[in-house]
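These are the residues of each chain, in order.
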Amino acid sequence: HWHVAKGVLRFLRGSAERGITFGHGNSLKGFCDADYGGDLDTRRSTTAFLFILNGGAISWGSRLQPTVAASTTEAEYMASAAAAREGLWIKKLVKDLKIRVQGPIEISCDNKLF
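The rules behind the values
- Residues numbered from 1 in each chain as written.
- Predicted model: local features only at pLDDT ≥ 70, side-chain atom pairs only at ≥ 80, totals over all residues.
- Heavy atoms only, no water.
- Helix = DSSP H or I, 4+ residues; strand = E, 2+ residues; numbered from the N terminus.
- Rg over C-alpha atoms; globule rule 2.2 N^0.38 Å.
- Buried < 20%, exposed > 50% of the residue type's maximum accessible area, 1.4 Å probe, protein only.
- Contact = heavy atoms within 4.5 Å.
- Areas by Shrake-Rupley, 256 points an atom, 1.4 Å probe, with all protein chains shown as cover.
- Expected span 1.5 Å × (residues − 1).
- Core = buried A, V, L, I, M, F, W, Y, C linked by side-chain atoms within 4.5 Å.

### Quick look at the overall build of the chain
Then step 1. When helices and strands are tallied, the chain shows two helices and five strands.
Then step 2. Tracing the chain from N to C terminus, the helices and strands come up as α-β-β-β-α-β-β.
Then step 3. Over its C-alpha atoms the chain spans a radius of gyration of 17 Å, topping by over 25% the 13 Å that the globule rule assigns to 114 residues.
Then step 4. The principal-axis extents of the C-alpha atoms in the chain amount to approximately 45 × 45 × 25 Å.
Then step 5. Across the 114 residues that make up the chain, the buried fraction comes to 27%.
Then step 6. Across the chain, the fraction of contacts at a sequence separation of at least 24, relative to all contacts at a separation of at least 6, is 54%.
Then step 7. When the accessible surface of the chain is totalled, it reaches about 8400 Å², and 60% of it is carbon and sulfur.

The following block contains the structure:
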């Protein structure tokens, strides 16, 4: 663990000038994915999502799904549902912050737009 921690610190020192940048516009896009049965001990799948506002990441997450999916389709469906919940929360947040976002949030799952 010590060697990994030192590697992280070296990366941070070498990339101090980098950061999340936001462009102009009003686009909010989401992405989600799931791996089917990725946890070898429990056979649960992992849900992951990412939301980008004007070119900068504003929300992301990855967690094991609460139940075992019976198929890849079910695992992707659970990931899509989690991303939709996060997207609705973000839409309300940006409205409360008076950030204008036009239209619905586009959420892509497995390179397909829903």
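### Quick word on helix H1 (residues 2-14)
Then step 1. Counted at 1.5 Å a residue, the expected span for H1 with its 13 residues is 18 Å, and the 18 Å between its end C-alpha atoms agrees.
Then step 2. In terms of burial, H1 is largely open, as just zero of its 13 residues are buried.

### Re the nonpolar core
Then step 1. Counting residues in each nonpolar core, the largest one holds 12 residues, listed as Leu 28, Cys 32, Phe 49, Phe 51, Leu 53, Ala 83, Ile 90, Val 94, Val 101, Ile 105, Ile 107 and Cys 109.
Then step 2. Ignoring anything within four residues of it in the chain, the contact list for Cys 32 reads Ala 48, Phe 49, Ala 79, Ser 80, Ala 83, Ile 107, Ser 108, Cys 109 and Asp 110.
Then step 3. Residues Ala 34, Ala 69, Ala 75 and Met 78 belong to the second largest nonpolar core, which totals five residues.

### Details of unusual backbone geometry
Then step 1. Here the phi dihedral of Arg 43 falls at roughly 65 degrees; this positive angle occurs in a residue that is not glycine.
Then step 2. Structurally, the position occupied by Arg 43 is in the loop between strand S1 (28-35) and strand S2 (46-53).
Then step 3. With phi around 60 degrees, Lys 98 is a residue other than glycine that occupies positive phi space.
Then step 4. Turning to its location among the elements, Lys 98 is positioned in the loop between helix H2 (72-96) and strand S4 (106-109).

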